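Working through the structure, step by step
Given next are the chains, with one letter for each unit.
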Amino acid sequence: MTEIFDAIKQTAIEIKELIVNGDTGKSEQENATGDTQLKLDIQSDLIIEKIFANVPSIKAIVSEEQEAIVNLHEKGKYLIAYDPLDGSSLVDVNLSVGSIFGIYENDFTADNLIASVYVVFGPRVELVIATEEVKMYRLLKGKFEFIQTIALNEKGKLNAPGSTQNCWAPFHKQLIDDIFNDGYRLRYSGGMVPDLHQILLKGGGLFSYPGTSDRPKGKLRQLFEVFPFAFVFEKAGGQAIDGKQRVLNIPTTHIHDTTPCFFGSNEEINRVLKVYKENE
Ligand code: AHG
């Protein structure tokens, strides 16, 4: 998979350049989920597709910004699902954004996920690769240098509660209130890549994007966002659930399926499981 990781590093260098110098305006197009695409979304997607097209081990790709799977190399072994620029609507206010990649074998389903990579575009560019371990690299003078292994503590201090609060179930609101009452601090930027990266690097906590009255199946997409980060959290010693079960046990019926999701260290996730079980 080294050539895939090298290709992703190359995409990060080109996308960073695009973020710094590109046009943050809207395009005329919508993506598969009905969001109006920004020019940055489309251009990031093109950068990734162009670079992956030169990697023989990649059999097929699917992008959050596209409707269908794109076949690349018939003899390739790997399938990659990716979100080229998650949180792109935050670029115009100069907040951090990211790219997310799930590397699958055989099929685009959670049980076939074998590695994940994400890139954070903030004041610095950092890239995290999860295989059996979770390793972080930083772009320094044009090259990604290894910085550290990431491992979660059993319990953290941060709480990142997503979605529209007046659409939360009352028991979910109570859970979030209770967590704050226990001294957790709010950290939520609206970009899941920097928000989850913060929880991973600060030792733990909880990020939630629940099912809500307006979006019972949540907002975040399984293949491009939830599964890749679930893999990272599990390999870092934490958990990722939909409230009741491991998200990596959820079947995928359509490439753009979404799911409620909770990522965190063990103590916070066990707390969510208990509350959601009591409110089944
Ligand atoms: P988008 O790429 O459309 O800006 O969405 C970003 C995602 C994810 O990165 C973030 O955690 C979540 O949407 C935020 O959604 P809410 O504003 O509904 O909390």
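An account of the accompanying structure is given in this report.

**A short note on the site of the ligand**
Taken together, Asp86, Gly87, Ser89, Ser163, Tyr188, Gly190, Gly191, Met192, Phe207, Tyr209, Lys219 and Leu220 form the complete shell of residues around the ligand. A distance of 2.7 Å separates an oxygen atom of the ligand from a polar side-chain atom of Tyr209. In the model, an oxygen atom of the ligand is placed 2.9 Å from a nitrogen or oxygen of the Lys219 side chain. Its free accessible area being 480 Å², the ligand has 79% of it covered by the protein chains. Looking at the shell around the ligand, its residues break down into 5 nonpolar, 5 polar and 2 charged. Built from parts of two domains, the shell around the ligand gets at least three residues from each of domain 1 (2-149) and domain 2 (158-278).

**Considering a positive patch on the surface**
A cluster of basic residues, Lys155, Lys157, Arg185, Arg187 and Lys202, forms a positive patch at the surface. With respect to the element layout, Arg185 can be found in strand E12 (residues 185-186). The class for Arg185 is partly exposed, based on a relative accessible area of 42%.

**Description of unusual backbone geometry**
Phi is mostly negative for residues that are not glycine, and the peptide bonds are mostly trans. The phi angle at Asn94 is positive, at roughly 65°, despite the residue not being glycine. By the secondary structure assignment, Asn94 is in the loop between strand E5 (78-86) and strand E6 (97-105). For Lys141, which is not glycine, the phi dihedral falls at a positive 50°. You can see Lys141 is positioned in the loop between strand E9 (134-140) and strand E10 (143-149).

**So, the packing of aromatic side chains**
One pass over the structure, following the stated rule, counts 12 aromatic pairs. An angle of 40° between the planes, with centres 4.8 Å apart, marks the rings of Tyr118 and Phe229 as tilted. Here the residue Tyr118 occupies a position in strand E7 (residues 113-121), and Phe229 occupies one in helix H5 (residues 222-235), the gap between them amounting to 111 residues. Here the two residues Tyr118 and Phe229 agree in accessibility, since each one is buried. An aromatic cluster is present here, built from Tyr118, Tyr188, Phe207, Phe229, Phe233 and Phe263 joined pairwise through their rings. For the cation-ring pair, Lys9 lies above Tyr137, with the distance from its terminal atom to the ring centre recorded as 5.1 Å.

Rules of the game
- Residues numbered from 1 in each chain as written.
- Predicted model: local features only at pLDDT ≥ 70, side-chain atom pairs only at ≥ 80, totals over all residues.
- Heavy atoms only, no water.
- Near = heavy atom within 4 Å.
- Polar contact = N/O pair within 3.5 Å; in protein donor to acceptor, adjacent residues only side chain to side chain.
- Areas by Shrake-Rupley, 256 points an atom, 1.4 Å probe, with all protein chains shown as cover.
- Nonpolar A, V, L, I, M, F, W, Y, C, P; charged D, E, K, R; others polar.
- Domains from an automatic or database assignment.
- Patch = residues over 30% accessible without salt bridge, like charges linked within 9 Å, V, L, I, M, F, W, Y side chains within 5 Å.
- Salt bridge = Lys/Arg side-chain N within 4 Å of Asp/Glu carboxyl O.
- Lys, Arg positive; Asp, Glu negative; His and termini not counted.
- Charge placed at Lys NZ, Arg CZ, Asp CG, Glu CD.
- Helix = DSSP H or I, 4+ residues; strand = E, 2+ residues; numbered from the N terminus.
- Buried < 20%, exposed > 50% of the residue type's maximum accessible area, 1.4 Å probe, protein only.
- Phe/Tyr/Trp six-rings, centres within 6.5 Å; stacked < 30°, edge-to-face > 60°.
- Lys NZ or Arg CZ within 6 Å of the ring centre and 35° of its normal.

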